Amino acid sequence: MKRLAFLLMISVSLVGCSLDDDGPNRLLEFAEITEAELPEYFESGESYDIVVTYLLPSACHTFNGFDARQGQGSDIKDIFIGVVTSYDANLTECNEEEEDLSREATLRDVTITGEVGTVYTFKFWAGQDSSGEPQYYTVEVPVEDPDNLDENEE
């Protein structure tokens, strides 16, 4: 996830092209994810939409997209998801006054390829602790065969 933060910082630093440019200067920032809607289990080969609830950092921010990455090596079934927001750094004050900064967005067509018994661990970025370490809202979802589920589990 540190690599994710590094890539975001590089992206932010590349937004402005010229020191003489007075045009919009869009900066990117992660938004805290507070909730995610995932199924009880996945079926291999199927695609799913994941709805997340997040908090805009301020009323000046707007949704910019998702940053979703798979873990490396033995953590390949770990999926890190962040909501990226943007704002115009040239704004000296924000005229938008909103009390509720909570929003929803949908990450579409997440395709599951793991075999039955595989467990996917979704780690949704939920901010940083006092030492600057990323914190995650974590949800584990197994891959199951719906034809072999016990009737008591349904």
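Computed from a predicted structure; not experimentally measured.

## A short note on the overall build of the chain
Secondary structure summary: the chain contains 1 helix and 7 strands in total. Taken from the N to the C terminus, the helices and strands of the chain come in the order α-β-β-β-β-β-β-β. When contacts within the chain are restricted to residue pairs at least 6 apart in sequence, those whose partners lie at least 24 apart make up 65%. Counting every atom, the chain has about 9800 Å² of accessible surface; 44% of that belongs to carbon and sulfur.

## Points about the packing of aromatic side chains
This structure, assessed with the given rule, holds 10 aromatic pairs. Between the aromatic rings of Y54 and F63, the centroid separation amounts to 5.9 Å while the plane-to-plane angle is 35°, which identifies the pairing as tilted. By relative accessible area, Y54 is classed as buried at 3%. Geometrically, the ring pair formed by F122 and F124 is stacked, given 6.1 Å between the ring centres and 15° between the ring planes. Each member of the pair, F122 as well as F124, is classed as buried. Taken together, F42, Y48, Y120, F122, F124 and Y137 form an aromatic cluster joined through their ring pairs.

## A short note on the confidence of the model for the chain
A low pLDDT score tells you not to read the predicted coordinates there in detail. In this model, the chain carries an average pLDDT of 84, and 77% of its residues clear a pLDDT of 70 or more. Highest mean pLDDT in the chain belongs to strand β2 (residues 47-55) (97); lowest belongs to helix α1 (residues 2-13) (50).

## Description of the environment of D78
Checked against the element boundaries, D78 lands in strand β4 (residues 78-88). Setting aside chain neighbours within four positions, we find D78 in contact with R69, Q70, G71, T121 and K123.

Criteria and cut-off values
- All residue numbers here refer to positions counted from 1 along the written sequence of the relevant chain.
- Per-residue local features of the predicted model are confined to residues with pLDDT of at least 70, and side-chain atom pairs are confined, for both listing and counting, to 80 or more; whole-chain, interface and lining totals are unaffected and use all residues.
- The basis for the side-chain values is all heavy atoms of the structure; hydrogens and waters are excluded.
- Numbering of helices and strands runs from the N terminus, with a helix taken as a DSSP run of H or I at least four residues long and a strand as a DSSP run of E at least two residues long.
- By the convention used here, residues are in contact when the closest approach between their heavy atoms is within 4.5 Å.
- In this description, accessible areas are obtained by the Shrake-Rupley approach with a 1.4 Å probe, and a residue is regarded as covered only by the protein chains that are shown.
- For this analysis, a ring pair means two rings from Phe, Tyr or Trp (six-membered ring only for Trp) whose centres lie within 6.5 Å, classed as stacked if their planes differ by under 30 degrees, edge-to-face if by over 60, and tilted for the remaining angles.
- Partly exposed describes any residue whose relative accessible area lies between the buried limit of under 20% and the exposed limit of over 50%, with all areas from a 1.4 Å probe on protein chains only and scaled to the type maximum.
- For every residue, the pLDDT score states the predictor's confidence, bounded by 0 at the bottom and 100 at the top.

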